[in-house]
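Tertiary structure, described
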Amino acid sequence: MIPKNLRLYVGGEGRERKVLLENRKTNTGLLLQGDVCAQLHSSELNEIRSLCERVTDVYASIGVLTIMSEDEGECRYLSLVTACNSTGKLGDAEILAVTDVLFVEIKEGDPVEFTSACKHYLTQGTFFFGITEQGDSYDLTVNFQNKVNRQSKVDSRFLWNRSLLTHPLKFFSAYTTWFASLICGSVSVCTVYAGANQARAAVISRVSSERAGARFQVRGVDDGGSVANFVETEQILQLGDKMCSFLQIRGSVPVFWEQSGLQVGSHKLTMTRGYELTQMAYDKHMTVLKNNYGMVMILNLLSSKPNTDECYLSHQYQAHQADSIHDDVLIRNFDYHSVVRSGKMELLAPLYKDIETFVGYAGFFRKSGVDCQGIQEGVLRTNCLDCIDRTNSVQKYISHRVLYKQLEYIGATPQIEKFAAAIDKCWHSNANLVSRAYCGTGALKTAGGKMGKLTDATRSFKRAIKNNFLDDERQEAIEELLMYPSKPLSPVISKCERFLPSSFVDGLLAESRDFSQKIPIRVSVGTWNSNGGRIQKEDKKKLADWLLDAPAVTRSRNVDLMSDDLSAVDISLDDKLASFGYVDRSATNLSDSPDVVVIGLQELVDLTAGNIVSSSQSKRSQWSSWFQDILCRESSYILISSLQLVGVCLFVFVKSNHVQYCTDICIESIKTGLKGKTGNKGGVVISFNLYSTSLCFVCAHLAAGQTAVNERNKHYDSISEKAILTNGMELDDHDYVFWCGDFNYRIDLPNHQIRDLVKESCWHDLQCADQLTVQRNMGKVFQGFNEGPLDFAPTYKYDLNSDYYDTSDKFRSPAWCDRVLWRCKERTRFMDTLTPGTLLYYGYTDIKSSDHRPVLAVIDIEVRKIDLDRKLSLYNKVFGGIGPPNPTVCVKCSPIPGRPIVDLATLVKAILEEMKKFGEIYLVRVPEGIIHFTFKHSASAVHALQMDEREVLHHMLDVSLESTAADWQLLLALEPPTVKFRLTPINQLLETMMQNSSTIDSSTTTTTSSGYDQDTTTVSSSSDYSSSDGEEEEGYEPVVLTSLPKKAPPPRPPPPARPPPPKLSEDPIYAEPIRSGSTTSRAPPAEDYSDYRATMAANNNGAIDVPLNPPRPARPARPPQMQTRKSFLAQKGESAREFIAEKLSSNSSSDQMQISDPYGFDRKSELKKFDDGTMKISLDDGRVIMYEKGSEPLMMDPEARPARPARPPGRPPPTTTTTEVDGPISEVCAVPEPEDVYTSEMISPPPRPSSSSRPNPPSRPSPPSRPDTAPFRPDTAPFQPNAGPPRRPSRPNPVELSRAGEGYSEPQSFSNPAYAELNCIRSRGTLGSTIELAPPAPVYENPGVLEQGGPARLARPPRPSRPSRPS
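A brief look at the structure comes next. (Residues numbered from 1 in each chain as written. Predicted model: local features only at pLDDT ≥ 70, side-chain atom pairs only at ≥ 80, totals over all residues. Heavy atoms only, no water.)

**Concerning the overall build of the protein**
How we decide: Only DSSP runs of H or I reaching four residues or more are called helices, and only runs of E reaching two or more are called strands; each is numbered from the N terminus. Should any heavy atoms of two residues lie within 4.5 Å, those residues are counted as being in contact. For accessible areas, the Shrake-Rupley method is used with a probe of radius 1.4 Å. Any residue's cover is judged against the shown protein chains and nothing else.
Within the protein, the regular secondary structure consists of 36 helices and 48 strands. Pairs at least 24 residues apart make up 71% of the contacts formed inside the protein by residues separated by at least 6 positions. Total accessible area computed for the protein in this model is approximately 60800 Å², and 50% of it derives from carbon and sulfur atoms.

If you want it as C-alpha cells, here you go:
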C-alpha cells in the first residue's frame, strides 16, 4: 500500500489563513501564509498544528500554483496529490501516476473557478512522480545516463512543476522533502522473471515543458530553438546490478509553421516566418540537441506526395538542413504512408538497414553496479506531422531491434520472448499516453484487424472534435500550470525577467531610462488592392517606384512645379511614374532606404467561393519573391513574416542589420465576412519587437458599399477586439500600431460634385465629407490614430490601365478607400513616451493594373535599444533595493557579561517591537535559539540589517539575512547571458538552484551557544505595525513561534466559590438508582447538577443521602461520526418525560417504538400498555416490570434461576436495600433529556437467587475514594464508545413482579432500558412509598481485582452447543 506521508492542516481566515503541511516521517512542517513559506521544527509544528484543523492526508505536494486574476489579483494555491496509481518500481522508488489533485487556497481567490482547468489536465493520467522508501522525491526528469555521467539532479526541460517551485525556492533550497518532481508523458514498468532472478523492463517518455501546448495550438519552433511536442523516450532493462538504457527523441519540424482554423481531412499549413529567421531558429535547435545528446540523425516521415502542404513542409525541412551550419547532422527521408500502407512493421526493415550503422555507432548506456561501462553517443530524432502515430510505430520498431543487444549485455538472451512481450506492452501504453498528452486521445495504428480500424476511426473522430473545439481549455490549463505571463509588461523586460519577483521587475522598469537609448527607425507602409493579384510584366518593374522612389519622385515633382531650375531635383523624372501626395519639405534624407518595409495587399486572389473556402498560397510566395528582389536593389532586406487570409495578405521586411534584434514575432488573422464566418473580409496582424520596442501592423479589408458605414465600423471593432496574439498582447498593448488596407470608406457627396472637386484639387472640401474622417471625429473608429493630409486624388475607382475614374454602368463615385494610419502608445508609469512619429510622405503612385492606386506612407519613429553593459551594472542596484527573494533575517543574541539576564520570551518581544519599525512582519520563529523574522517585503529585510550590533535588553544582536550569498547572487550570475541571447532562463535558473541545494536548509543547520532548549511557547504581541510603504496595517499580527525553556507551571488557583442553590424547579429532576452498600451515587449531567443538589437539600426528611461533590465538568462534544446518529427522541424534539407522558395518556392498546442509543448499544425493550392503565415493560436482559396507574409502589421478586458457577471466595451475599422516599416520587425523579449520555451502569442487573449450598462470601470492599476534582466514574469497566455492549452473564429467566389481585399481559417494545427502569421508579406513589431493589450479582473472571478496588471483567457464559446437522 502506498503511504501518505504528508498531512494537511488549514486554519484562520483572510490574511491570517494558514496552510500547514506535516511530514509524518520527519515530524517537520511546512507553513504557508500569505507570501511567506517557512520550514518548521517539531516543536514549532506542534504549536501551529494546534491553531489549525486537520483536513486530509496526501501522497505528495507538487508546488504552489500562482494565478493572476483581474478581480482577485495574485492568487496562490498549494497543489497536492490526493489520489494516484502505482505503475511499478524503479530501484527503491515507487512510480505513481496522478489521478486526483487538490488545490488549497493560500492567498485569496476561488480554487474551483481558477483551478478547474488545471485539475482536469493534471488528472488525465499523463503526469507521474516518484517517491523513495525514505519518503523523498525521486527525480524522473533526468535519464539514467545523465544521472550517472553528469551527476545532474534535475533536468528542467521536463520538470512540469518548475514554475510551481519558484515560490518555495525563494525561502529554502531543499525542496525534495516537500515537493515531488512532476513529469508529463508515460512511465510503464513490467517485471520479467529470468530464471530465478527478477528483471525490470520499462519505457519512460518525458514531454518537454519548454514549448508545451495542444495539438493545433502549438506547432513548430520558437526563437529559442524549442519545438512543440518534444519527447525523450528511454527504454530501460535491469537485471541484478546490470542496467542499460536506449534513448530516442521526437519533436515537431523545427521551422516556423502553424495550423489555424478548422482542420478536418487535409491539413492546411502556414509558414509564419521568413526563411532567414527560420534558419536561425533551426540552427539553435540543432545546437541544443548536439549539446544534450551528441550526434544527431533525423528520420523525416513526412509525406512526399506532390502539391500537398505536408510535402511543402518536408521540402522546407530539407532545405534548412542543407543550409544549416550543422552539416554533420544526417537526415533520412522516409514516406511512411506510401511504404507502410498495410500497417506491416516488417516493411520498415529497409529504413532500419539505412540507419543501422548509426545506431550501432551511437550505442546505448550501460552500467554495472555504480560503474558506467558505456554511454550512448548519438540519438535518432524522428518526426512526422504530429509526432504521434507514425513516430510511435517507427520508434517501437527500432527499440525492438536494439532490444537483443541490450539483452546480450545483461545476460538474458534466453528470455528474449518474455522481454519482447514486456517491451511491446510498455510501448503500447507509451503510445496512448504520449498521444493523450498532445492530442487528447489515444494513439492510432496500435492494433490490427477490423477492431483496430474501428478504434482508429473512433479516435480520429474524437481528435477532430477535441482539437478543433476543446483545445482552448487545455491550452489555458497548460499556460496556468507553467505560469506563462499573460502578456509582456514591456519589451525592456526579457522573458526570463518576467519570472523574477515583481519587485525586481518594477525596480528594473524604474531604472529603464538609464540603460536604454532611443534610436531612429524609418518605417514604410504600403497598401494596394491588387484586383486578383494580376499585374502586367511592365508594371512589375515599376513596383520600385511605389515602394522605394515615390517620396523622392514626388518631392522632385513639387520642386519642378515651383521652379524651372532642375538642379535641385534629386532624381530624374525620366522613366518614372507619376507620384502624388504630401511630402515633408524639411526632410533632407528622403532618398534613404527605410529600415522596415510593410506591404499590405487586398484581393490577392479573386474572391470566389472556391478561394474563400480554400485559397492558394502560391501567389503569396510569388509576390514575396518579387518584393524582396525589388527591395534588395540598394540594401539587404529579409522577410521576417507574412500572412494571408483569402485575399488579404501582409508582408513585413526588415533590413538585415536589424534582423537579429527582431524577437517575439506573432501573427493572427480575423475573419469578418458573414458575421465572422468567412475570410472574404477581415484582417491579418503581424507584431514583433524591434530592439526593445513593440511594433504591430494590421492589414484589413472592410465591408464595401456607399452606405455600409456602420458595418465597416463593426468590422474595425471586431478586428481590434479579436486580435489577441499568442503572447497575450492586444493591439493597444504595443508601442506603435499601424493600420493599412482597403477600408472602403467613401465620400458622402454626389458623384458629379466629387469629380468636379477632384479636377479642381479641392482636397480639403472632399476630406470634410470623407466618411472615415467623419467617423474618427465622432470617436467611433481609430481613436488616437494619426493620418497624413490627403493631398492627393482619391485612389478608387479607376478604369483598368487608365487615368479615368469609373465609366462603367455602375459609375461608382471616387473615394479614398486605401489608407494608412498609425498610433503611438501614451506614456506609461516607467517609460517615457516615444515620439508619435514624423510623417515624411503620404501619397499614391500611378500603377494602372488595378482599379485602385497603391498608397505609401513613410514615417520616422523611435525605438528603445538596451545597453546591456549599463543594464547589468544596474542589477546590483536593483537587487540591493528589493532585497533577497527570502525576506527573512536571523538574529543571534549574545548576553553582555555582567548585565542582568533576561528570559528569551521577553527578549523576543523587545526585538519584535524594534523590527516592526522596518516593515510588516508575517512570521517570528526561534529554532535552536536563533530568532527568525520573516517580513512581507524583501526591502524591509534589508533595512532591518541596521539592527546589527545593537543592544537590546542587555544583549548584543548579530543580524544577518537568512538567504545565503550563493542563493541571492545566483540571479546575478545567471541572468546576463540569458538576457543577451533572449532565451527563457527560468530552466537554467531553477536547475542551478536545485543542483546547489543542500539536504537541509541553512536555517536548520545553524548552531548556537545560547543554551536555550527547543521547547515551544507562544509569545503574544498586541501592537500594530506598519508596512514598508508607511501605511499601517490593522487587524493582523505576526505568527510568533519561539523555542523557549519550559518553566514550572504556576500554582493552581483555588476553585471558585460554590454558587447558592437555586430555587426548586417544578419539573422533576433526574436521579440515578442508588447502588447497594454504597453511599455514592452517579452525578447527573453537569447542567442539571446544581438543581439536583438543591432538590436533595430541600428534602430534609428524605432517606436519600447524596454527598455534595464538586460539579462535574462539562461533557466533551461527541465525535463527528457519533453526532450523525440521533435517537428517536432527539429526532422528534421531545423530552423523555414528555414521551412517557404521551404513552401513558395514549388511548391505543399497543404502542411500539424503536429508539437507538446514541453510542451504538441499540438496546431494545418492549412496553405494553393496557386499557386499565397497567403497563408491562420487558427488558432485553430478561427483567419484567409491572405497575398500574395510581398504584402503590411495586415489589420486585426474582424468579427461580438455573444454577450458576460458584461465587468467588470472599464475596458478600446479596442483600436487599430499602430506600424511603419522602414526598411524591414524581418530584424527585425525572427522565433525562435525549441529549444525555447513558452507560451500562445506569441499570442494575437483575437480582440473583440465594442458594443454601453456596457459602456466604465476605462483603465487597468499597471503591477507593476519588479526588474532588475528578468526575464520577462507575466501579466497573470504563465505557468505550462504539465498542458494543459490555459482556454480560447468561440471560436469566424473566423476573415476575406481581401485586395482589393484579395481573398483566404481554409486553411491548421499548428501546432504552434507562427509560424503562426510571419509569418504574417514577410511579404515581404517595409520601412514604418504599421501593426494594435487588443488587447486581454478576460472575467475575478476575475476583482478585475486587480486593484491590479495581475494575472487574464479567465472565462470558459458555455458549450452548449447536445441534448436529442431520445427514
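So that's the structure; there's more coming.
**Considering the pattern of salt bridges**
Think of it this way: side chains of opposite charge can pair up when their charged atoms draw near. Note the threshold: For this document, the term salt bridge refers to a Lys or Arg side-chain nitrogen within 4 Å of an Asp or Glu carboxyl oxygen. Exposure is judged per residue with a 1.4 Å probe applied to protein chains only, and the accessible area is read against the type maximum: over 50% gives exposed, under 20% gives buried, and values in between give partly exposed.
The final tally for this structure, using the stated rule, is 35 salt bridges. Of the charged contacts in the structure, one is a salt bridge between E232 and R206, with a shortest N-O distance of 2.9 Å. Here R206 lies in strand β12 (residues 197-207) and E232 lies in strand β13 (residues 231-239), a separation of 26 residues in the sequence. One salt bridge connects D860 with R522, and the closest N-O pair in it is separated by 2.9 Å. Within this pair, whereas D860 is found in strand β33 (residues 855-866), its partner R522 is found in strand β22 (residues 516-529), the two being separated by 338 residues in sequence. Note on R522: relative accessible area 6%, which makes it buried. One network of salt bridges, with partners in common, ties together D155, R157, R206, E232 and E234.

**Looking at the sheet that holds strand β3 (residues 28-33)**
As a reminder of what qualifies: When DSSP finds at least two bridges between two strands, those strands are taken to pair. Angles shown run from 0 to 180 degrees and are taken between the N-to-C directions of axes, each axis being a line fitted to C-alpha atoms and, for helices, limited to the stretch in contact.
With respect to topology, five strands assemble into an open sheet ordered β4-β3-β2-β1-β5, the strand pairing being antiparallel. Strand pairing shows two members of the sheet lacking a second neighbour, β4 (36-40) and β5 (53-58), which therefore form its edges. Taking the axes of each pair of neighbouring strands and ignoring which way they run, one obtains an average angle of 20 degrees across the sheet. As defined by bridge partners, β3 adjoins β4 across five bridges and the pair is classed as antiparallel. Within β4, the position partnered with L30 by the bridge is Q39. Relative to strand β2 (residues 18-23), helix α1 (residues 42-50) is tilted by about 135 degrees, and along the sheet it contacts β1 (6-11), β2, β3 and β4.

**So, the pairing of β22**
Along β22, 11 of the 14 residues are buried, which leaves the element largely enclosed by surrounding structure. Examined bridge by bridge, β22 and β33 share 12 bridges and lie antiparallel to one another. Directly across from V523, in β33, lies its bridge partner I859. In terms of strand pairing, β22 meets strand β24 (residues 596-602) through seven bridges, oriented parallel. In the sheet register, T527 faces β24, and the bridge partner there is G600.

**Considering helix α18 (residues 618-631)**
Rules: Between the first and last residue of a helix there are one fewer steps than residues, each counted as 1.5 Å, and that sum is the expected span.
In this model, α18 (14 residues) spans 20 Å end to end at C-alpha, consistent with the 20 Å of a helix rising 1.5 Å per residue. Those residues of α18 that fall on the buried side of the exposure criterion are R620, W623, S624, W626, F627, Q628, I630 and L631.

**With respect to the sheet that holds strand β28 (residues 678-690)**
If you trace the five strands from one edge of the open sheet to the other, you get β27-β28-β29-β30-β31, paired in mixed fashion. Here the strands that pair on one side only, and so sit at the sheet edges, are β27 (662-673) and β31 (818-824). Averaged over all neighbouring strand pairs, the angle between strand axes comes to 15 degrees, with direction disregarded. Examined bridge by bridge, β27 and β28 share nine bridges and lie antiparallel to one another.

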